[in-house]
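Topology and contacts: notes
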Amino acid sequence: MSKKNAFYAQSGGVTAVINATACGVIETARKHKNRIANVYAGRNGIIGALTENMTNTNRESARTIAGLKHTPGGAFGSARYKLKGLEENRAEYERLVEVFKAHNIGYFFYNGGNDSMDTAHKVSLVSRKMGYPVSCLGVPKTVDNDLPITDNCPGFGSVAKYVAVSTKEAALDVLSMAETSTKVFVLEVMGRHAGWIAAAGGLAGSGASHEAPHIILFPEIPFKKRAFLQRVKKCVQDYGYCVIVVSEGAQYANGRFLAEAGTTDAFGHAQLGGVAPVVANLVRENLGFKYHYAVADYLQRSARHIASATDVKQAYAVGKAAVKMALAGETAVMPVIKRVSDKPYRWKIEKAPLARIANKEKKLPRRYISKDGFSITSAGRRYLEPLILGEDYPPYINGLPNYVTLKNVPVSKKLKTNFVV
Ligand code: F6P
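Residues numbered from 1 in each chain as written. Predicted model: local features only at pLDDT ≥ 70, side-chain atom pairs only at ≥ 80, totals over all residues.

1. Re the pairing of strand 14 (residues 346–353)
Note the following rule: Pairs of strands are assigned from DSSP output, requiring at least two bridges between the strands. Put simply, DSSP H or I for four residues or longer makes a helix, DSSP E for two residues or longer makes a strand, and each gets a number counted from the N terminus.
Direction of pairing for strand 13 (residues 333–341) relative to strand 14: antiparallel, over a ladder of eight bridges. Across the sheet, Arg339 pairs through a bridge with Trp347, a residue of strand 14. From the end of strand 13 to the start of strand 14, which pair antiparallel, there are four residues.

And the structure:
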């Protein structure tokens, strides 16, 4: 069988463990040198393929590649860039195939969330249609945990652990001073339209009503101001303080977000963020309690220092499996995590067609949310708990994590024309 090169790119919001997946892809490809000559990485996702802006990962040492496993961020740059439909923008697809042909690329690994699975799916269709079939594998990643079919998404377990740990620690701080000072603490977390990350805040306590967090605001449960304020008041009366975890996607019954930045990304998604001050102000204006709030923002999805060991393992495993699937002749599929048991947590990797995953959002099921809509159920806890298990600390030097930096040696361009995105 002839040797081909592989193209790997990262897409969408990065995570603490997306580079562990890159490590899985590259290390596995290196074990099959008879089939995969080089792994080229796209600079800034699919844009790197369109603009022929790629780096050759074969120029990195085995040690550096191994170091990706404990390095957060996206080592090759990531992008939010949506390929249009074939009929709307044939030129983009023709360009992609041209670049793949010029660089003898036979495998395409696209590491991202639901929008990125759409891209990977389209590339698989188009490459076949244009007579240059490429094995296209989606590789799952998203802190939002909203990809269907897979039990969970690499990146989520670590953000879940960060949020649970931060909620637990901040709650102890608030409790210490509640008598004379701050009574309410609000933590804003990501997750877009799905409440998975907010739900993970619930792991901070045992589920007993006096333990923090006392209130979780999920996007799946329409926000009702009166019920919310009553609950805050009661918590402060009963326990002396109130810790609230709010999802950036929290919304009113009419679908309006509590906070919307007013901007949208390349996919037309509203940019969310800033709900914590909105909620905190509601509390002060209506109840007069002193508050503090925190917006976890990028801290949560980059927090490799407190990553979940389970998440790191799964992130690596999906990268490895994607290469194995491609070598077995698969295309237009994504490796998915299948839960075998909760306790002890057992899982295996299977595959699912991209067509069933692209552009679909898996929300937090109602059965994981308590009847009153303010906390998680034992079923939710059973699902979440194993995902944050284990610690995988990065090596430290001079008191700081010792993250790797790649050389990122560019692949020489072969095409005469430039492509402007
Ligand atoms: O899609 C993952 C995510 O982290 C969301 O939870 C968040 O809303 C979004 O990315 C932020 O995107 P950006 O970094 O492009 O502003």
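2. Structural notes on the sheet that holds strand 9 (residues 242–247)
Within a sheet, each strand pairs with its neighbour through backbone hydrogen bonds, oriented either parallel or antiparallel. Put simply, the rule is: For helices, the fitted line uses only the C-alpha atoms of the stretch in contact; every axis is such a line through C-alpha atoms, and the angle between N-to-C directions lies from 0 to 180 degrees. Once C-beta atoms have been placed from the backbone, residue pairs whose C-beta atoms lie within 7 Å are recorded as contacts.
Taken together, the four strands give an open sheet; going across it, the order is 8-9-7-12, and neighbouring strands pair in parallel fashion. At either margin of the open sheet sits one strand with a lone partner, and together these are strand 8 (215–217) and strand 12 (291–295). Direction aside, the axes of adjacent strands within the sheet are offset by 15° on average. Relative to strand 9, strand 7 (residues 184–189) is paired through six bridges, and the arrangement is parallel. Each residue of the ladder has a partner; that of Leu187, found in strand 9, is Val245. Here helix 8 (residues 225–239) sits on the sheet and contacts strand 7, strand 8 and strand 9; the angle it forms with strand 9, its principal contact strand, is near 150°.

3. Focus: the site of the ligand
What counts is decided by this rule: Contact assignment follows one rule, namely that a residue is near a molecule or strand if its backbone-placed C-beta atom lies within 6 Å of it. In this classification, the charged set is Asp, Glu, Lys and Arg, the nonpolar set is Ala, Val, Leu, Ile, Met, Phe, Trp, Tyr, Cys and Pro, and all remaining amino acids, among them Gly, are polar. Note that domain bounds follow an automatic or database assignment of domains.
Surrounding the ligand, one finds 15 residues, the nearest of these being Gly13, Val143, Asp144, Met190 and Arg192. Within the shell around the ligand, the residues separate by chemical class into three nonpolar, six polar and six charged. Counting the residues that make up the shell around the ligand, at least three belong to each of domain 1 (4–141 + 307–359 + 391–401) and domain 2 (156–304).

4. Notes on helix 8
Short version of the rule: One fewer than the residue count of a helix, multiplied by 1.5 Å, yields its expected span.
Taking 1.5 Å as the rise per residue, helix 8 with 15 residues should run 21 Å; its terminal C-alpha atoms sit 21 Å apart, in good agreement. Buried residues in helix 8 make contact with strand 7, strand 8, strand 9 and helix 9 (275–287). Just downstream of helix 8, Gly240 is the residue with a positive phi angle, here 90°.

5. Some remarks on unusual backbone geometry
In this structure, Pro213 follows Ala212 across a cis peptide bond, with omega equal to 0°. Positionally, Pro213 belongs in the loop between helix 7 (196–201) and strand 8. Lys343 connects to Pro344 through a cis peptide bond whose omega is 0°. Within the secondary structure, Pro344 is located in the loop between strand 13 and strand 14.

6. Description of the domain arrangement of the protein
Split into domains, the protein comes out as domain 1 (4–141 + 307–359 + 391–401) and domain 2 (156–304). In this complex, domain 1 contributes 19 residues to the contact, which on the side of domain 2 involves 10 residues. Residue composition of the side of domain 1 that touches domain 2, by class: eight nonpolar, seven polar and four charged.

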